[in-house]
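As a plain string of letters, each chain reads:
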Amino acid sequence: MGLFGLFKKKSDETKVGNVEDFISLTRVYFQSVIATNLGITNIRFLPDVANFKRLFKVPTQNGKLGLAEKSASRKMLMQDYGLNESFFKEIDSSVKRNCRTQNDIQSYLFMYQGFSNDLMMLMGNLMQWKFRMPSIFKKALYGMTQKTVHDVCTKTVWKADDVHKTAAAVRQYKERLGYSEQWMTDYVYNIVLLAKKEPKRKNDDTETKK
């Protein structure tokens, strides 16, 4: 699957990208913050930044890797997905808290990946029927996402063992990474909205092949 499919399909009716695009763009911002904070010059440490830089021909700003990429990815996330400044401030704070040397980079990114994967798997399990709610009811869907995230962060006993274990893991990741319920809600909500659009697009592709 190609990175940032939405930018290669500007002629499509789709106004924003798919789940992969959103997650990739978020990783670009993460890695850009890490680069600027630690003064990283070897772009091989930052694969998503490298792809982003090549795709959009982003010039290096003031000879410092990450500055221009951080600004560009933040602008896209704000414009295309409606994220606000607090979303990025929490990422900045999390990276500053957990990535103090270059040796911390891999463990931090690995921990964040585990957090993201477990969170989305858990939300998919807990919000099954709610995912089928029409996208026009965005306010209601956001409220449901917010409530489910709150339950995950506060409820310590679940009936199903797998849900219980995954919720506990998410809470541990949350504490270590330093993200708020609000950040988690905004992240999950955008992925839910994008995921709701994907099946129709895949079905359309199948129809075309036939």
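Look a little higher up for the structure.
Criteria and cut-off values
- Residues numbered from 1 in each chain as written.
- Predicted model: local features only at pLDDT ≥ 70, side-chain atom pairs only at ≥ 80, totals over all residues.
- Heavy atoms only, no water.
- Axes fitted to C-alpha atoms, helices over the stretch in contact; angles between N-to-C directions.
- Helix = DSSP H or I, 4+ residues; strand = E, 2+ residues; numbered from the N terminus.
- Parallel < 35°, antiparallel > 145°, perpendicular 65-115°, else oblique.
- Contact = heavy atoms within 4.5 Å.
- Nonpolar A, V, L, I, M, F, W, Y, C, P; charged D, E, K, R; others polar.
- Salt bridge = Lys/Arg side-chain N within 4 Å of Asp/Glu carboxyl O.
- Buried < 20%, exposed > 50% of the residue type's maximum accessible area, 1.4 Å probe, protein only.
- Phe/Tyr/Trp six-rings, centres within 6.5 Å; stacked < 30°, edge-to-face > 60°.
- Expected span 1.5 Å × (residues − 1).
- Arc of directions from axis to C-beta.
- Core = buried A, V, L, I, M, F, W, Y, C linked by side-chain atoms within 4.5 Å.
- Domains from an automatic or database assignment.

Novice: If you had to explain the packing of helix 2 (residues 47-56) against helix 3 (residues 67-81) to someone new, which residues and values would you point to?
Specialist: Running from N to C, helix 2 and helix 3 cross one another at 80°; their axes reach a closest spacing of 11 Å. One finds that helix 2 runs roughly perpendicular with respect to helix 3. Across the interface between the two elements, V49, F52, K53 and F56 of helix 2 pack against E69, A72, S73 and M76 of helix 3. Its residues assigned to classes, the contact of helix 2 with helix 3 shows five nonpolar, one polar and two charged.

Novice: Any details on the pattern of salt bridges? Residues and values, ideally.
Specialist: Side-chain pairs of opposite charge can arise whenever the charged atoms involved come near each other. Taken as a whole, this structure holds five salt bridges when the rule is applied. The salt bridge involving E85 is made with R74; its shortest N-O contact spans 4.0 Å. With a gap of 11 residues between them, E85 in helix 4 (residues 85-98) and R74 in helix 3 connect regions that are remote in the sequence. Residue classification places E85 among the partly exposed positions, given a relative accessible area of 36%.

Novice: An account of unusual backbone geometry is needed here, citing residue identities and associated values.
Specialist: In the Ramachandran plot, K57 falls in the positive-phi region, its phi being about 50° despite a non-glycine side chain. Relative accessible area serves as the criterion here: at 70%, K57 is assigned to the exposed category. With a phi close to 55°, N62 is a non-glycine residue in the positive phi region. As for its position among the elements, N62 is in the loop between helix 2 and helix 3.

Novice: I'd like a rundown of the environment of D162, residues and numbers included.
Specialist: Take D162: it is sitting in helix 7 (residues 161-177). Given the relative accessible area of 49%, D162 is considered partly exposed. Spatially, the C-alpha atoms of D162 and L122 are 9.1 Å apart, while their sequence positions differ by 40 residues.

Novice: Tell me what's going on with the packing of aromatic side chains, and back it up with residues and numbers.
Specialist: In this structure the tally under the stated criterion is 17 aromatic pairs. Note on F30 and Y108: the rings are 6.3 Å apart at their centroids and 45° apart in plane angle, and the pair reads as tilted. Of this pair, F30 sits in helix 1 (residues 19-38) while Y108 sits in helix 5 (residues 105-126), and the two are 78 residues apart along the sequence. In this structure F30 comes out as buried when scored by relative accessible area, which is 1%.

Novice: Please give an account of helix 7 that cites residues and values.
Specialist: Taking 1.5 Å of rise per residue, 17 residues should cover 24 Å, and helix 7 covers 24 Å from first to last C-alpha, within 8% of that figure. Residues of helix 7 that are buried include every one of V163, T166, A167, V170, R171, K174 and L177, and no others. For helix 7, the arc enclosing every buried residue in end-on projection is 140°, short of the 170-degree limit, so these residues lie on one face. Counted as exposed and oriented over 90 degrees from the buried face of helix 7: D161, K165, Q172, E175 and R176.

Novice: Hey, could you go over the nonpolar core for me, with residue numbers and the actual values?
Specialist: Formed by 56 residues in total, the largest nonpolar core has its most connected members in Y108, F115, Y179 and W183. Elements represented by at least two residues in this core include exactly helix 1, helix 2, helix 3, helix 4, helix 5, helix 6 (138-154), helix 7 and helix 8 (181-209). Counting residues per element, this core draws most heavily on helix 5, at 10 residues. In this structure, this core is formed jointly by two domains, domain 1 (15-82) and domain 2 (100-196), each of which donates at least three residues. Dropping the residues within four chain positions of it, F115 is found in contact with V170, Y173, K174, L177, Y179, W183 and M184.

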